[in-house]
Amino acid sequence: MLDTPRRGVRTTGLRPRMRVVEYQMYVGRRIWRSVFVVSVLQPLAYVVALGVGLGAIIDTGGHHPLGVSYIQFVAPAFLTAAALQIAAADASYPIMAGFKWIRTFHGMAATPLTPAQICDGQLIFVAIRIALNSAVYLAIMAAFGGTQRWAVLLTVPIATLTAMAFAAPIAALAATIEREGNAFNMVFRFVVTPMFLFSGTFYPISELPHWGQWLAWVTPLWHGTDLARGVAIGGLGAGAAIVHLAYLLAWLVAGVALARWRFCVRVTR
Amino acid sequence: MLRLLPSHVVAAPAPRPLATVDPARGDALIRAEGLTKTFGEFTAVAGIDFAVERGEAFGFLGPNGAGKSSTMRMIACVAPITAGTLQILGMDPVTQGPTIRGRLGVVPQQDTLDLELTVRENLYIYGRYFGMSRAELRPKVEELIDFAQLTERADAKVEPLSGGMKRRLTIARSLINDPDILLLDEPTTGLDPQARHVLWDRLYRLKQQGVTLVLTTHYMDEAEQLCDRLVVMDSGRIVAEGSPLHLIGEHSTREVAELRFPPGENAAAAERLAGMLDGASERAEVLPDRVLLYVADGERAVARAHEQGLSPVSSLVRRSTLEDVFLRLTGRSLVD
Ligand SMILES: Nc1ncnc2c1ncn2[C@@H]1O[C@H](COP(=O)(O)OP(=O)(O)OP(=O)(O)O)[C@@H](O)[C@H]1O
Ligand SMILES: [Mg+2]
């Protein structure tokens, strides 16, 4: 009877991954209130300060230089950029802590869970949080007139995809670094923030010099922003949409592969 | 005679052919041959052979850096082996890692408890990783809280618990899946004597229930208390194997007389004492602060030392322990 596996242990498929999600939900239960408050306050601040405030200057006399009201122009971009920023934060220190301080992932690695499942579960958890956060964002945008049609609902999955395309390689970095997270400060200061400023969030990238446009094209955020804005206010061709999607998916697939590899190296050493 | 350098290294058991389960030999739950682990150029485990039988309490005794944890992590199917063969529960860790891990209980050297969660939550969540259902876990968790003697703290966060309580929780957690083999990497290191005794009592109880225990330690008293059979490891190699009594009988004398001389005089005293010993089986060992006489009759050795005109500051006679075995085999003490 030595080789009969323990009854009911499933070692492939979605279920083992969802155990990791369940763990994170347990931990998150204690802090969900503050997380929720932040996820309401942040979009409120952006919408009021920039959408409404800046919008009043740009949309002078009922004239819309961008074709739609400014708040409708920036709302899908804010949604996408916020999703990416929060996902990057969630994939950085918390994952690093899971290896280094709390050592949760090392504990999981001693159970039937595989390193790839632990990695996937962790990323699924971040994705769920981002999707919920984006839904809240969208509701607040709608309350301030930032939306005009039903297709805007698609911005939630688009923002989540964009966020995870960027968060997966961050998770790989978090699983790799051994010392304090200085690398994260660099990433936030020199990648995340500039990306937010140069990815067509506040104005179309056609306003940028040529090199600036090239830079935007490389970032996953611009592709996500353009796609989200396209479904929210129209004016995006099917070909461009497919290119955006393919580019984001390529980042996601490569990022997940990288993260799984780094998780495996870290826990099996 | 004065202490010899490790004169002979006990040969590891003769290599046995690999077989899934051979009923004629009793079913070895763990079988390792030429098991090796290297980190880059560095060899942490240098080709060791051992087998653990069902129901046995098997120990790895060795000092810091001997390669105990590296070995345990390979047995736990967490770290891949570099060379050799390893079979656990008749399976190959490379291809059946998750299935094997599903039937092991692991107490790692460093706790991996979630300090933000409660005692109960830690047990529950860990059971979920093994695919256990809520209904299955409910009674199991209560039983283990009881086993860990943490009933009063069941709904308290883990963070403020004492080291001993955390360790008991880690052990309780490792039992959540009713493991076939329990792996304990230094279960009591860093605990005060009282907490250690409570833990030993828990482990002894498991042993009585027939749980197969594999543990590492650098405490010889722990090894003597808990292990039916053990291997002594040093620098990635096994230098001796047997039951605690067998090892003591084979590598040490029945008694040890410890004579303490003023600082600086120990070596000279040992020189003189060595002359009066029976060269074949008895010997003297110089430590920085005392001389150890390995003899059949300790009291007589002390008396003879006085007859020789030596006057130690203090003397005591005790039985040989695994510590003496280790000193004999490696020339170093276990705890440094
Ligand atoms: N991941 C690693 N990378 C490089 N070297 C390692 C690694 N893990 C262990 N070692 C080295 O391998 C040797 C054996 O380590 P191991 O942890 O197996 O010893 P140990 O017997 O468990 O010691 P201790 O009593 O200190 O726990 C040590 O010299 C250690 O520095
Ligand atoms: Mg160790």
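In this report, the structure presented in the accompanying data block is examined. For clarity, every value in this text was computed on a predicted model and none was experimentally measured.

Calculation rules
- Residue positions are given per chain, counting from 1 as you read along its sequence in written order.
- Following the order in which they are written, the chains are lettered starting with A and the ligands numbered starting with 1.
- This being a predicted model, a pLDDT of at least 70 is required before a residue's local features are given, and a value of 80 or more before pairs of side-chain atoms are given or counted; all residues contribute to the totals for chains, interfaces and linings.
- As a convention, hydrogens and water are excluded, and side-chain values are obtained from all of the structure's heavy atoms.
- Atoms of type N, O and S within 2.8 Å of a metal are treated as its donors, and for Na, K and Ca the window is 3.2 Å; water is not considered, so some sites may appear to be missing partners.
- Under the scheme used here, helices are H or I runs from DSSP no shorter than 4 residues and strands are E runs no shorter than 2 residues, and both carry numbers assigned from the N terminus.
- One bridge is not enough; two strands pair if DSSP finds at least two bridges between them.
- Every angle, taken between N-to-C directions, lies between 0 and 180 degrees, and every axis is a line fitted to C-alpha atoms, over only the stretch in contact when it is a helix.
- The contact criterion used throughout is that any non-hydrogen atoms of two residues lie within 4.5 Å.
- It suffices for a single heavy atom of a residue to lie within 4 Å of a molecule or strand for the residue to be listed as near it.
- Any pair of nitrogen or oxygen atoms within 3.5 Å is treated as a polar contact; in protein, a donor-acceptor pairing is required on top of that, and neighbouring residues in sequence qualify only through side-chain atoms on both sides.
- Accessible surface is estimated by sampling points in the Shrake-Rupley manner with a 1.4 Å probe; for residues, cover comes only from the protein chains shown.

Protein-derived coordination of the magnesium ion (ligand 2) comes from S69 of chain B (OG) and Q109 of chain B (OE1), at a distance range of 1.9 to 2.1 Å. With a gap of 40 residues between them, S69 of chain B in helix α1 (residues 68–75) and Q109 of chain B in the loop between β5 (104–107) and α3 (119–129) connect regions that are remote in the sequence.

Glancing now at the sheet that holds strand β8 (residues 229–234) of chain B. Residues and elements named next belong to chain B. The sheet built from six strands is open, its strands ordered β5-β6-β7-β3-β8-β9 with mixed pairing. Of all the strands in the sheet, just β5 and β9 (237–242) have a single pairing partner and so form its edges. Between one strand and the next, the sheet's axes are offset by a mean angle of 15°, whatever the strand orientation. Pairing geometry for β8 and β9, over five bridges, is antiparallel. What sits directly across from D234, in β9, is R237. Sheet contacts for helix α11 (residues 322–330): β3 (57–61), β8 and β9; angle to β8, the most-contacted strand, approximately 40°.

Further remarks concern the site of ligand 1. All names here are of chain B. Around ligand 1, 14 residues are found, and the nearest of them are G65, K68, S69, S70 and E186. Between ligand 1 and the protein, one listed contact pairs an oxygen atom with a backbone N or O atom of A66 at 3.1 Å. Here an oxygen atom of ligand 1 and a backbone polar atom of G67 are 2.9 Å apart. Protein contact buries 65% of the 640 Å² of open area that ligand 1 shows by itself. Elements that contribute at least two residues to the shell around ligand 1 include exactly β2 (42–53) and α1. Of the residues forming the shell around ligand 1, the biggest block, three residues, is contributed by α1.

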